[in-house]
Amino acid sequence: MMINESLAGDFILVGFSDQPQLEKILFVGVLISYLLTLVGNTAIILVSCLDPMLHTPMYYFLTNLSFVDLCFTTSIVPQLLWNLHGSAKTITPVGCAIQLYVSLALGSTECVLLAVMAFDRYAAVCRPLHYATVMHSRLCQSLAGMAWLSGMGNTLIQGTITLWLPRCGNRRIYHFICEVPAMIKLACVDIHANEVQLFMASLVLLLLPLALILISYGYIVQAVMRIRSAQAWRKALGTCGSHLLVVSLFYGTITAVYIQPNSSYAHREGKFITLLYTVLTPTLNPLIYTLRNKDVKGALKRLKKWKSRVIFYDIYVLVYNKLINFLNFIVLSEICTIVSMFFMYMIPIRIQ
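Before going into details, it helps to say that this report is about the structure given with it. (Residues numbered from 1 in each chain as written. Predicted model: local features only at pLDDT ≥ 70, side-chain atom pairs only at ≥ 80, totals over all residues. Heavy atoms only, no water.)

Assigned secondary structure in the protein chain consists of 14 helices and three strands. Looking at the protein chain residue by residue over its 352 residues, the buried ones come to 50%. Here the analysis covers contacts within the protein chain between residues at least 6 apart in sequence; of these, 79% occur between residues at least 24 apart. About 18000 Å² of surface is accessible on the protein chain, with carbon and sulfur atoms providing 68% of the total. (Helix = DSSP H or I, 4+ residues; strand = E, 2+ residues; numbered from the N terminus. Buried < 20%, exposed > 50% of the residue type's maximum accessible area, 1.4 Å probe, protein only. Contact = heavy atoms within 4.5 Å. Areas by Shrake-Rupley, 256 points an atom, 1.4 Å probe, with all protein chains shown as cover.)

Right, dumping it as structure tokens:
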């Protein structure tokens, strides 16, 4: 009966349909962000794979992160753009199930992967003499594999339980994606046990990795405080600053949605917060990690000498230079747009 019910008709993604003018602004902003995400993350993957000098644990994990961001945003944004541009706000049951499984798996993978990258930064700063011995290739592959397996395991459990909840014909999803907190709201049975399960899964895959990240950076701060060289300070800050900024953006937004799934804040305003970690964060990640990065610039110069071996070298160098030249304008525009839309949605103007 539940299988027949799940295949009976399409879901309706309400999203931002109550504000048509906002949809037009969102369409442009999301499209620009998606294009930048595709270009930036693909460039990181290509440069990291093609340049032997970047075959280090840091760029190995960064390549995994870029691949996760590429797949994560691609599982969400095309459907979002379709719904924002057209009058039809529907998604098929199969499409909804695929989006739920894929986005949940990749989001969970990114949570663990950011914790793994924090451990890598801890080893680089606190154990510099033993870094090559500690972060050997087999350990790096095992840690990356652990991140991917944890994401797949979580989505198989959470996604399957969510899809098997009886909905009694409820098909209006008050969100722009098929996400667990929004999907369980469609159930016509008591969902208290599901909310407790979601909260426990969030503790394991959100708060536990975040705690490990904070512990790692606690040791890093202690090690940096003992450094008296200004050059070493700048090197440590450059090593850890980018990762810490990405962690703040990602965890600060996703935690607000998954830790309090039953609150009106996570249900309504959570749509805007979801935009931040599904659209904006994957866009900013490659820019944060590569902006004024000497390793990446050096890799591009070396690739210039080998450009006969690199088919798309000229295209990516051109795009990379354009991204650097217009980065401040783009990022400022994106942040201002998101913030303005956030306040437009949270503080509606009442006409007396």
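Looking now at the state of the cysteines. For the structure shown, the criterion picks out two disulfides. Disulfide pairing places cysteine 168 opposite cysteine 188 at an S-S distance of 1.9 Å. Handedness of the cysteine 168-cysteine 188 disulfide follows from its S-S torsion of about 60°: it is right-handed. Placement of the pair is cysteine 168 in the loop between helix H7 (137–163) and strand S3 (172–173) and cysteine 188 in the loop between helix H8 (180–183) and helix H9 (192–225), with a sequence separation of 20 residues. (Disulfide = S-S within 2.5 Å.)

Here we take up helix H3 (residues 57–74). In a regular helix each residue adds 1.5 Å, so 18 residues correspond to 26 Å; H3 covers 26 Å between its end C-alpha atoms and thus fits that length. Extensive coverage of H3 is indicated by the burial of 13 of its 18 residues. (Expected span 1.5 Å × (residues − 1).)

Right, let's get into the sheet that holds strand S2 (residues 90–91). The strands making up a sheet associate through backbone hydrogen bonding, with each pair oriented either parallel or antiparallel. Across the sheet, three strands lie side by side as S2-S1-S3; this open sheet has mixed pairing. Either end of the sheet is taken by a strand with one partner, and the two such strands are S2 and S3. Both strand S1 (residues 11–13) and S2 contribute to a ladder of two bridges, which runs antiparallel. What sits directly across from phenylalanine 11, in S2, is isoleucine 91. (Pairing = 2+ DSSP bridges.)

Let's shift gears to the environment of glycine 252. Relative to the elements of secondary structure, glycine 252 occurs in helix H10 (residues 230–258). Here glycine 252 falls in the partly exposed class, since its relative accessible area comes to 49%. Here the alpha-carbon distance between glycine 252 and leucine 276, two residues 24 residues apart in the chain, equals 9.7 Å.

The next subject is the pattern of salt bridges. Tallied over the entire structure, the rule returns three salt bridges. Note that lysine 89 and glutamate 23 form a salt bridge whose closest N and O atoms lie 2.9 Å from each other. Pair noted here: lysine 89 is in the loop between helix H4 (77–85) and S2 and glutamate 23 is in helix H2 (residues 20–50), with a separation of 66 residues, a long-range link. Between arginine 121 and aspartate 120 there is a salt bridge whose closest N-O contact spans 2.5 Å. Take arginine 121 and aspartate 120: they sit in the same class, and that class is buried. (Salt bridge = Lys/Arg side-chain N within 4 Å of Asp/Glu carboxyl O.)

Without other data, these values stay purely geometric and don't point to any function.
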